[in-house]
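The chain contents come next:
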Amino acid sequence: MKPVVNQEICIGCGACEGVCPEVFKLDDGKSEVIKLDDYIPFKSKIDQAVDACPVQAISIEE
Ligand code: SF4
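Here's a quick rundown of the structure. (Residues numbered from 1 in each chain as written. Predicted model: local features only at pLDDT ≥ 70, side-chain atom pairs only at ≥ 80, totals over all residues. Heavy atoms only, no water.)

### Describing the overall build of the chain
Inclusion rule: Runs of E in the DSSP output that reach at least two residues are strands. Runs of H or I that reach at least four are helices, and both are numbered from the N terminus. As defined in this context, the radius of gyration uses C-alpha atoms, and a globule is described by 2.2 Å times the residue total to the power 0.38. Partly exposed describes any residue whose relative accessible area lies between the buried limit of under 20% and the exposed limit of over 50%, with all areas from a 1.4 Å probe on protein chains only and scaled to the type maximum. It only takes one pair of heavy atoms within 4.5 Å for two residues to be counted as in contact. Each accessible area is a Shrake-Rupley result for a 1.4 Å probe, and residues are judged covered by the shown protein chains and nothing else. This count recognises Lys and Arg as positive and Asp and Glu as negative, with His and chain-terminal groups excluded. A charged residue contributes its charge at one atom only: NZ of Lys, CZ of Arg, CG of Asp or CD of Glu.
A count of helical and extended segments in the chain gives two helices and four strands. Traced from its N-terminal end to its C-terminal end, the chain shows the element sequence β-α-β-β-α-β. The C-alpha atoms of the chain give 10 Å as radius of gyration, which agrees with the globular expectation for 62 residues (11 Å, within 12%). C-alpha extents for the chain along the principal axes are approximately 25 × 20 × 20 Å. Per-residue burial over the chain gives 23% buried out of 62 residues. Nonlocal contacts in the chain, meaning residues at least 24 apart in sequence, comprise 52% of its contacts between residues at least 6 apart. Within the structure as shown, the chain displays about 3,900 Å² of accessible surface, and the carbon and sulfur contribution to it stands at 49%. Side chains of the chain carry 6 positive and 12 negative charges; the gap between the two charge centres is 1 Å.

### Section: the site of the ligand
Heads up, the rule is: Whether a residue is near a molecule or strand is decided by its heavy atoms; if any one of them lies within 4 Å of it, the residue is near. Amino acids outside the nonpolar list (Ala, Val, Leu, Ile, Met, Phe, Trp, Tyr, Cys, Pro) and the charged list (Asp, Glu, Lys, Arg) are all regarded as polar, and Gly is one of them.
Near the ligand, the surroundings consist of 13 residues, among which Cys10, Cys13, Gly14, Cys16 and Cys53 are the closest. The residue inventory of the shell around the ligand, partitioned by class, reads 10 nonpolar, three polar and no charged.

### A short note on unusual backbone geometry
A positive phi angle is found at Asp28, which is not glycine, with a value near 60°. Inspection of the secondary structure assignment puts Asp28 in the loop between strand 2 (24–27) and strand 3 (30–33). Positive phi, normally seen in glycine, also occurs at Gln56, with a value near 50°. Assignment of secondary structure puts Gln56 in the loop between helix 2 (43–52) and strand 4 (58–61). Residue Gln56 is classed as exposed on the basis of its relative accessible area, which comes to 61%.

### Digging into the nonpolar core
How we decide: What makes a nonpolar core is a set of buried Ala, Val, Leu, Ile, Met, Phe, Trp, Tyr and Cys residues whose side-chain atoms join them at distances within 4.5 Å.
If you look at the biggest cluster of nonpolar residues, it comprises 12 residues: Val5, Cys10, Cys16, Cys20, Val23, Phe24, Tyr39, Ile46, Ala49, Cys53, Ala57 and Ile58. Residue contacts for Val5: discarding those within four places in its chain leaves Cys10, Phe24, Ser31, Val33, Ala57 and Ile58.

### Examining the pattern of salt bridges
Stated precisely, the cut-off is as follows: A carboxyl oxygen of Asp or Glu within 4 Å of a side-chain nitrogen of Lys or Arg is what we treat as a salt bridge.
A complete count under the given rule lists two salt bridges for this structure. We note a salt bridge from Glu22 to Lys45, for which the minimum N-O separation is 2.8 Å. Note that Glu22 is positioned in the loop between helix 1 (15–19) and strand 2 and Lys45 in helix 2, a separation of 23 residues in sequence. Judged by relative accessible area, which is 27%, Lys45 ranks as partly exposed. Among the ionic pairs, Lys43 bridges to Asp47, the shortest N-O distance being 2.9 Å. Residue Lys43 and its partner Asp47 are located together in helix 2, separated by four residues, close to a single helical turn.

Here's what the structure looks like:
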């Protein structure tokens, strides 16, 4: 699994980075997914970030 941020929708609120800074990083007012070999260790925090995003910009690819 891999999280993806839709840059067109992201409003740069920082909620995802606040919940899971290991995976999400604000850059230039948009959230970027940090490149990792394996996202599974952060799965529950990523799920929390999905729920925390006010504009549903984060999706999970299998
Ligand atoms: S929580 Fe959503 S809108 Fe806010 S920075 Fe993250 S992806 Fe963007």
